[in-house]
Amino acid sequence: MESSSLRGLLDEYAELEQQLADPSVHADQARARKLGRRYAELAPVVKALNELESARSDLATAKELAVEDEGFAQEASQLQERVPALEARLTELLLPRDPYDASDVVLEVKSGEGGEESALFAADLVRMYLRYAERQGWKVEILDATESDLGGYKDVTVSVKGRGNEVNGVWSRLKFEGGVHRVQRVPATESQGRIHTSAAGVLVYPEPEEIEVEIDPNELRIDVFRSSGPGGQSVNTTDSAVRVTHLPTGIVVSCQNEKSQIQNRARAIQVLQARLQAIAEEEAAAKAADARRSQVRTVDRSERVRTYNFPENRISDHRVNYKAYNLDQVLDGDLDGVLDALRAADREERLAAAQS
């Protein structure tokens, strides 16, 4: 990056620091949160830049002194090695960021091929994400769920919210989870002990604080019904559950877990906005020929992104050739290994693109 651009980042950082020190700014919590996240985003860049400038200055000084005093030659050699490492670190920090990395997410899990076994696997995936969220200190809310007869999920929608002004929030960790997840195991319904293969689909949408997509109320059909439990049995005596249909796209969102019809309606529309935002993002990315990772549209086990092999206790992510034999721990919420591998691969791709 040119020195003028770096100077601009330093000026922006100083301006943000000044604004955040102004008590009046914090009267608007949304604005303060936005400024705080940008400040936290720039902090490591400024730190790396200052360290690089300091190392370059020290190197120049050590080289001058080494001419008269050989004792400085070793220091110059060490700094000569440190400067390229700092330059690489700064280059990585200056890579274009995903604008939604700090966002919360809406996560959906849907059963697919495999019938009841697929629904049970979908429930396993939901528990995995809930336990991972608990480890991260995130807040989770199940917005809507349709259970199967054996206690699995035909489909479930979950809201996952981070801890606050995080530069790398929920989306930065879970954005690569979208796709078909395949399981290989002996189903609970299998009497002969044979290993079956089934699949469930995962979709992840960023839930921005400020939704850019506007919804025309005239394009919505809103139906109310009674909340239901396993097997469709009614668990509520009032019509508090809400189903919102977006007529132009046919997207349907249901919410039945809030206490009132008004709350369920508001939450369902919020999820609808997030889904429409994700569609708008995908359309914009396609027009810009940006190869974003596609998420599952049909739950076909042949189009898998990850396989969970129970007999071998193995988890494999086919996008980055990741393989580990700790499936039991992964299903208990220990997802960092596979998530770190996906993020590292993404970082390498972005670095290669920036250098090409």
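Residues numbered from 1 in each chain as written. Predicted model: local features only at pLDDT ≥ 70, side-chain atom pairs only at ≥ 80, totals over all residues. Heavy atoms only, no water.

- If you look the chain up in an unreviewed UniProt entry, it shows as Peptide chain release factor 1 from Saccharomonospora amisosensis.
- The Sequence similarities (unreviewed entry) comment attached to the chain in UniProt states, word for word, "Belongs to the prokaryotic/mitochondrial release factor family."
- The record in UniProt for the chain states the following under Function (unreviewed entry): "Peptide chain release factor 1 directs the termination of translation in response to the peptide chain termination codons UAG and UAA." (UniProt positions renumbered as here; feature names shortened; annotations may be inferred.)

## With respect to the packing of helix H2 (residues 29–68) against helix H3 (residues 71–93)
Point 1. At a minimum axis distance of 8 Å, the contact between H2 and H3 shows a crossing angle of 155°. Between H2 and H3, the angle is such that the two are roughly antiparallel. When the axes of H2 and H3 are compared, the crossing they make is left-handed. (Axes fitted to C-alpha atoms, helices over the stretch in contact; angles between N-to-C directions. Helix = DSSP H or I, 4+ residues; strand = E, 2+ residues; numbered from the N terminus. Parallel < 35°, antiparallel > 145°, perpendicular 65-115°, else oblique. Left-handed = near helix turned anticlockwise from the far one by under 90°.)

## Remarks on the side chain of His181
Point 1. Summarising the element assignment, His181 is placed in strand S4 (residues 179–185).
Point 2. Engagement of the side chain of His181 in a polar contact is seen with the side chain of Tyr308, the distance being 2.8 Å.
Point 3. Excluding residues that lie within four positions of it along the chain, His181 makes contacts with Phe121, Leu125, Tyr129, Ser198, Ala199, Ala200, Val202, Val305, Arg306 and Tyr308. (Polar contact = N/O pair within 3.5 Å; in protein donor to acceptor, adjacent residues only side chain to side chain. Contact = heavy atoms within 4.5 Å.)

## Describing the sheet that holds strand S6 (residues 220–225)
Point 1. If you walk across this open sheet you meet the 3 strands as S6-S7-S8, and the pairing is antiparallel. This sheet does not close on itself; its edge strands, each paired only once, are S6 and strand S8 (251–255). In this sheet, adjacent strand axes meet at a mean angle of 15° when their direction is disregarded.
Point 2. Taken together, the 6 bridges between S6 and strand S7 (residues 241–246) define a ladder with antiparallel strand orientation. Bridging from a neighbouring strand, Arg221 pairs with Thr245 of S7. (Pairing = 2+ DSSP bridges.)

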